[in-house]
Amino acid sequence: MKSISESKARLDGEEKVTGRAVYTDDIRLPGMLHAKLLRSPYPHARLVGLNVSRAIRLPGVAAVLTRDDFAGLNPFYGFSVKDQPVVALDKVRYAGDVVAAVAAVDEDTAEEAASLIEVEYEQLPAVFTVKEALVEGAPLLHENIKQKHLPKYGRGCTGFFHEGTNICFHFRYERGDVEEAFESCDHVFEDIFTFPRAQHCSLEPHVSVAYFESGGLTVWTSTQSPFVVRQELSRIFQIRLNKVRVVVPCVGAGYGGKHSAKFEPLAAALSQKTGRPVKLSLSMEESFKTVTQHSATIKMKTGVKKDGTLVARQSEVLLNTGAYAEAGPLVIEKAGYRAHGPYRIPHVKSDAFAVYTNTVPAGPFRGFGGTQVAFAYESQMDMIAEKLGMDPLEIRLKNVLNKGEEFAPGDTPIDSDLKEALKLAAKEIGWHEKGRSPYRGKGISCALKDGGGINKPSNALVKITEDGSIVLSFGTVEVGQGINTAMAQIVANEMDMPFENILVAPLDTTSTPYDQGTLASAGIAVTGPAVQRAAQDVVRQILEIAGMVLGLDPATLRFGEGKVHYGENQSLPLRDVMIRHFGGTGGEIVGTGFFKVSRNNDAPLGYPCPFWEVGIGGADVVVDPETGEVKILKYISVTDAGKMIHPNHCRGQDEGAAMFGIGHTLFESMIFRDGQLMNPNLIEYRLPNFRDLPDHFESRILEGGSGPGPYGAKGLGEGGILPVASAVTNAVYNAVGVRIKEIPLYPERVLKSLSLKND
Amino acid sequence: MAETKRLRISFLLNGKETWLEIEPNLMLVDLLRESLFLTGTKKSCAMGICGACTVVVDGMAVSSCTFPAFNINGREVLTIEGLSSNGQLHPLQKAFIQKGGFQCGFCTPGMILMAKTLLDENPAPTEEEIRTYMDGNICRCTGYQMIVESILEASRSEAGEIN
């Protein structure tokens, strides 16, 4: 009864196509209040005074929440650096920072009340770009952050906090001796690349419902990491973890934007104050002002031999992390670590800085720092090839890491055949075809990221009842990727039971076993083994029980098709085994599974990565010399799933990721002017539409079989975004001979480059 | 505060006659979600751009977030909840499941209803016609190609059912 490698009807399919699926905003509780926020209009200001008396007197208002409500509490949240208060305390740090919140009978009343709050601000000088923030004597966003800790790295990595500066976190990775190595190189290339700030734009904005009752707190929320949210709530409100119940209804996607706590603490505080359930449902504009991708400036210096052998690379990565740390310290660590790309480079040094500015906080985003550095290293790879007179494919094949080779000493060896993937992408876009039309060009790119997260424990639970129906429970959130369906397939396959027998339990932190979060493409690769082991544990217990019932050695028994097989062609149905064992009418057999990568001090980040997620892109573009418009005629995305559990969903993850890449390559960018976000909506912020689909858009998924997940599966969903920008800009160079080091490729930007070239 | 004058409207909602009194400034999406508890219609950009709130009024797809509710007086409204009949999924609903036409599902009700009006107007669209017609509906998850394939599949299966 093989249930994998098949595109089963997804478990949440029918509810999602009929509108019956319940998302957080669809929840209505008796007595529920609605919340609205008051946000700062200034990017940096001291909060001198707050007067809520007019707001609280508006009929229908139940509570106004300000800093006064947090006296004696520890209202800061964030990952390794806890610097973001639930509402502004002493000052506001970006235009959009939350100053107060109102709970009222309906949204209109709450909004009107918020507008009645009088705030006295004393404006402060502000910094908006990394450059401004790093100037000596620049105004500081945070003077004294009390809660922060340095990660415990392994070989070659160091982390720094630079007190008294706007550097949120500085990560360094070093091996060999770059300075000395550059001396021995025939050519040294130095370039600066600039990457925009994209917005996640989940169509479902952030939304939470919170209800404090009889000492416990229940939160229904659109999140990717319910257990992280639980931890933050427990700490802020000083209640035990088991009294914080985080329930995750359907999630209208995340892409990183719904990782960790967002407005759950605020909704909870309002519920605590009013004694009633409170819903806080953000608008799209508010989501834009909640969390973003990191914009980046990357200085890359690469030394090569004249035969194209890479020798040394020094990178300086600057990420604009906005007003609060969020996951910035983690993103910068990954950006720095990944900056040398999928190549064999003996001497490497990366200095990567997450820098505070008075703009919207930047946090996790599909690609997690890898996208920005991939744009730099894969653009520069083509520039090196050009200078040396080499074919861009050839120079990559010469330097790319072989399967089994180390990316960094101490880390997991490369587990995909990158050469095969590169050759496939090149073949699919007709790399070697002669006779190109004018203004038309082709580009390739090859990138990777360490996948599966760092020190990420995952548990799973499987239970079977006497009628053979199965409940599966794990903590990775179904954000659309199809994880529930794939996990059910794994259980069905392991237990040799029909896929239809399996129900995935709703995610509720009081009953679901722990998972750190839905991040780093870790679902199948890290939680997958926990689920597989839980299913195997159930089978082991069934055989043990059957052994007792039948008086036989369990080792001689086999479970399949819902029966225990023994002797010569004899079998006993599961129901009989269970009833005879438990007595009475039945019972349940409960199995558990756990997976975590062990610590290894030799691994640069302290833990070897569970797997390598790869993204190889091939683009065929045409550039309009009159308008500067770049049109992608063909885009091929190649990745390695290890093993596809659900082929359709694998394809969906990879194509979705590639389209994200097309967005920031061609037009997506959050524009700030004097700290004000100019395009916080879907009219002025341009997302890819149907008509942006390349004429030919295809994902080719390899099955290299070397992942840590069940049956050799690896993670997917982020690889596809990594190579897009460089594949396209390389194709633009190939088409019209201009090297564009700053994206998006706005037509005016391309046109300007063209005119500079022609001058 | 002066009381606004409420309007009395009647309309056909998913085939059922419905009478209501509403505020004149109410948008259709809020009427559906808040008064009628038809939460299948999703609210996202709230400015008529993304298509998540698409419903069908007298056979025409509209963005219910910018469509005044009083405008449905005397008209026929179809929401995602009314698309399947007698427990039978519409061919588009089946095709979206089969061909991976959605992931998170938030754009899906609007996407499917927009596709329905496309197939009503043009039962056998080309890939190019699908891309053009559907351009006003945003999906952030799929990258669109699998939605195009879902709609093609539905148009083929509908043709198959008629033949």
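What you see is a predicted model, and the numbers here were worked out from it, not measured in a lab.

1. As for the overall build of chain B
Then comes step 1: Broken down by element type, chain B carries five helices and five strands.
Then comes step 2: When the helices and strands of chain B are listed from N to C terminus, the series reads β-β-α-β-β-β-α-α-α-α.
Then comes step 3: The C-alpha atoms of chain B give 16 Å as radius of gyration, which agrees with the globular expectation for 163 residues (15 Å, within 12%).
Then comes step 4: Relative to its full complement of 163 residues, chain B shows a buried share of 54%.
Then comes step 5: Expressed as a percentage of contacts within chain B between residues at least 6 apart in sequence, the contacts between residues at least 24 apart total 56%.
Then comes step 6: As presented, chain B carries roughly 7,000 Å² of accessible surface, and 52% of it is formed by carbon and sulfur atoms.
Then comes step 7: Of the charged side chains in chain B, 14 are positive and 19 negative, and the gap between their average positions amounts to 5 Å.

2. Side note on helix α9 (residues 328-337) of chain A
Turn by turn, an α-helix covers 3.6 residues, leaving residues three or four places apart pointing in a common direction.
Then comes step 1: The buried fraction of α9 of chain A amounts to nine of the 10 residues, a majority that puts the element mostly inside the structure.
Then comes step 2: Buried within α9 of chain A we find G328, P329, V331, I332, E333, K334, A335, G336 and Y337 of chain A.

3. A closer look at the domain arrangement of chain A
Residue and element names in this part refer to chain A.
Then comes step 1: Its domain assignment divides chain A into domain 1 (14-124 + 200-288), domain 2 (295-453 + 602-758) and domain 3 (456-595).
Then comes step 2: Every contact between the two is made by 17 residues of domain 1 and, on the other side, 17 residues of domain 3.
Then comes step 3: Summing both sides of the interface, domain 1 and domain 3 together bury roughly 1,300 Å²; the carbon and sulfur share of this comes to 58%.
Then comes step 4: Three residues stand out in domain 1 for area buried against domain 3, namely Q224, F227 and R245, and they jointly supply 42% of the buried area on that side.
Then comes step 5: In this structure, the connection of domain 1 to domain 3 is made through five residue pairs in polar contact (both at pLDDT 80 or more).
Then comes step 6: When contributions to the side of domain 1 that touches domain 3 are tallied by element, the ones reaching two or more residues are α6 (226-237) and β16 (244-248).
Then comes step 7: The element best represented in the side of domain 1 that touches domain 3 is β16, accounting for five residues.
Then comes step 8: Of the residues assigned to the side of domain 1 that touches domain 3, the class counts are nine nonpolar, five polar and three charged.

4. Quick notes on the sheet that holds strand β26 (residues 558-560) of chain A
Strand pairing in a sheet is mediated by backbone hydrogen bonds. Such pairs are either parallel or antiparallel.
Residues and elements named next belong to chain A.
Then comes step 1: Pairing within the open sheet is antiparallel, and its three strands lie in the order β26-β27-β28. Of all the strands in the sheet, just β26 and β28 (570-573) have a single pairing partner and so form its edges. For this sheet, the mean angle separating the axes of adjacent strands, direction not counted, is 30°.
Then comes step 2: Of the pairings in the sheet, the one linking strand β27 (residues 563-566) to β28 comprises four bridges and is antiparallel in character. What sits directly across from K563, in β28, is P573.

5. Some points on the sheet that holds strand β21 (residues 440-451) of chain A
Residue and element names in this part refer to chain A.
Then comes step 1: One open sheet accounts for four strands, arranged β21-β30-β31-β34; its pairing is mixed. Because the sheet does not close on itself, it has two edges, and the strands there are β21 and β34 (696-702). Taken over all neighbouring pairs, the strand axes of this sheet differ in orientation by 15° on average, direction set aside.
Then comes step 2: Across the sheet, helix α12 (residues 418-428) touches β21, β30 (611-623), β31 (630-640) and β34, and the angle it forms with β30 is around 20°.

6. Some details on empty space enclosed by the protein
Residue and element names in this part refer to chain A.
Then comes step 1: The tally for this structure, following the rule as stated, stands at eight cavities of 30 Å³ or more.
Then comes step 2: Taken as a whole, the largest cavity encloses approximately 160 Å³ of empty space.
Then comes step 3: Taken together, 18 residues line the largest cavity, and the ones lying closest to its centre are Y77, Q84, K262, F263 and T290.
Then comes step 4: Of the residues in the lining of the largest cavity, the class split is 10 nonpolar, four polar and four charged.
Then comes step 5: Considering only enclosed or pocket space, the second largest cavity measures out at about 130 Å³ in volume.
Then comes step 6: Around the second largest cavity, the lining is made up of 15 residues, and of these I145, K148, E163, T165 and I167 lie nearest the centre.

7. Overview of the pairing of strand β8 (residues 98-104) of chain A
Residues and elements named next belong to chain A.
Then comes step 1: Among the seven residues in β8, seven count as buried, and that is most of the element.
Then comes step 2: Strand direction decides the pairing type here: strand β1 (residues 33-39) and β8, joined by six bridges, are antiparallel. Paired with A35 across the two strands is A103, which belongs to β8.
Then comes step 3: Strand direction decides the pairing type here: strand β3 (residues 61-65) and β8, joined by four bridges, are antiparallel. Bridge pairing links V61 to A104 in β8.

8. Some points on the packing of helix α16 (residues 647-666) of chain A against helix α17 (residues 724-736) of chain A
The geometry of a pair of packed helices is captured by two quantities: the angle between their axes and the separation between those axes.
All names here are of chain A.
Then comes step 1: The geometry of α16 relative to α17 is characterised by a closest axis approach of 8 Å and an angle of 55° between their N-to-C directions. One way to sum up the angle between α16 and α17 is to call them oblique. Crossing angle aside, the handedness with which α16 passes α17 is right-handed. Between α16 and α17, the contacting residues are A658, G661, I662, H664 and T665 on the first element and V724, A725 and V728 on the second.
Then comes step 2: Residues that form the contact of α16 with α17 fall into these classes: five nonpolar, three polar and no charged.

9. Some words on the pairing of strand β2 (residues 16-22) of chain B
All names here are of chain B.
Then comes step 1: Where strand β1 (residues 7-13) and β2 come together, seven bridges link them in antiparallel fashion. What sits directly across from L13, in β2, is K16.
Then comes step 2: The loop that links β1 with its antiparallel partner β2 comprises two residues; one of these, N14, has a positive phi angle of about 50°.

10. Things to note about the packing of aromatic side chains
Then comes step 1: By the definition in use, this model includes 16 aromatic pairs over all chains.
Then comes step 2: Taking the centre distance of 5.2 Å and the plane angle of 80° together, the rings of Y23 of chain A and F106 of chain B count as edge-to-face. With Y23 of chain A in the loop between α1 (13-18) and β1 and F106 of chain B in the loop between α2 (91-98) and α3 (108-121), the pair connects residues from two separate chains. Grouping residues by exposure puts Y23 of chain A and F106 of chain B together as buried.
Then comes step 3: Ring-pair connections join several aromatic residues into one group, and the members of that group are Y173, Y337, F407 and W612 of chain A.
Then comes step 4: Sitting over the ring of F667 of chain A, R686 of chain A keeps its end group 3.9 Å from the ring centre.
Then comes step 5: Over the ring of F660 of chain A we find R140 of chain B, and its NZ or CZ is 3.9 Å from the ring centre.

11. Focus on the interface of chain B and chain A
Then comes step 1: If you look at the interface, chain B gives 48 residues, while chain A gives 48 residues.
Then comes step 2: Carbon and sulfur atoms make up 58% of the surface buried where chain B meets chain A, a total of about 4,100 Å² over both sides.
Then comes step 3: Counting the contacts that link chain B with chain A gives seven salt bridges.
Then comes step 4: Note that D135 of chain B and R691 of chain A form a salt bridge whose closest N and O atoms lie 3.0 Å from each other.
Then comes step 5: Of all the elements in the fold, those that place two or more residues in the side of chain B that touches chain A are α1 (28-35), α2, α3, α4 (127-133) and α5 (145-162) of chain B.
Then comes step 6: Examining the composition of the side of chain B that touches chain A, we find that five residues originate from one element, α5 of chain B, more than from any other.

12. Some words on the pattern of salt bridges
Residues and elements named next belong to chain A.
Then comes step 1: With the rule as written, the count across this model stands at 58 salt bridges over all chains.
Then comes step 2: A salt bridge links E718 to K449; the shortest N-O distance between them is 2.7 Å. Taken as a pair, E718 in the loop between β34 and α17 and K449 in strand β21 lie far apart in primary sequence, 269 residues in all. Of the two residues, E718 and K449, neither departs from the other in class, the shared state being buried.

13. Observations regarding the environment of V130 of chain A
Residues and elements named next belong to chain A.
Then comes step 1: Along the polypeptide, V130 turns up in helix α4 (residues 130-134).
Then comes step 2: V130 sits 37 residues away from I167 along the chain, and the two C-alpha atoms are 9.2 Å apart.
Then comes step 3: Those residues in contact with V130 that lie beyond four places of it in its chain are L318, L319, N320, V355 and T357.

14. Some words on the nonpolar core
Then comes step 1: With 166 residues, the main nonpolar core has L682 and V732 of chain A together with I151 of chain B as its most contacted residues.
Then comes step 2: At 10 residues, helix α10 (residues 370-388) of chain A tops the list of elements feeding residues into this core.
Then comes step 3: There are two domains that each give this core at least three residues, and those are domain 1 (14-124 + 200-288) and domain 2 (295-453 + 602-758) of chain A.
Then comes step 4: Setting aside residues no more than four positions away along its own chain, L682 of chain A makes contact with C201, L203, M284, F288 and L687 of chain A together with C45, M47, I49, C50 and I138 of chain B.

Procedures and definitions
Residues numbered from 1 in each chain as written. Chains lettered and ligands numbered in written order. Predicted model: local features only at pLDDT ≥ 70, side-chain atom pairs only at ≥ 80, totals over all residues. Heavy atoms only, no water. Helix = DSSP H or I, 4+ residues; strand = E, 2+ residues; numbered from the N terminus. Rg over C-alpha atoms; globule rule 2.2 N^0.38 Å. Buried < 20%, exposed > 50% of the residue type's maximum accessible area, 1.4 Å probe, protein only. Contact = heavy atoms within 4.5 Å. Areas by Shrake-Rupley, 256 points an atom, 1.4 Å probe, with all protein chains shown as cover. Lys, Arg positive; Asp, Glu negative; His and termini not counted. Charge placed at Lys NZ, Arg CZ, Asp CG, Glu CD. Domains from an automatic or database assignment. Buried area = accessible area lost by both parts, 1.4 Å probe. Polar contact = N/O pair within 3.5 Å; in protein donor to acceptor, adjacent residues only side chain to side chain. Nonpolar A, V, L, I, M, F, W, Y, C, P; charged D, E, K, R; others polar. Pairing = 2+ DSSP bridges. Axes fitted to C-alpha atoms, helices over the stretch in contact; angles between N-to-C directions. 1 Å grid on protein atoms, 1.4 Å probe; cavity = no way out; pocket = protein on both sides within 12 Å on 5 of 7 lines; lining within 4 Å. Points joined across faces, edges and corners; volume = space filled by probe spheres on them. Parallel < 35°, antiparallel > 145°, perpendicular 65-115°, else oblique. Left-handed = near helix turned anticlockwise from the far one by under 90°. Phe/Tyr/Trp six-rings, centres within 6.5 Å; stacked < 30°, edge-to-face > 60°. Lys NZ or Arg CZ within 6 Å of the ring centre and 35° of its normal. Salt bridge = Lys/Arg side-chain N within 4 Å of Asp/Glu carboxyl O. Core = buried A, V, L, I, M, F, W, Y, C linked by side-chain atoms within 4.5 Å.

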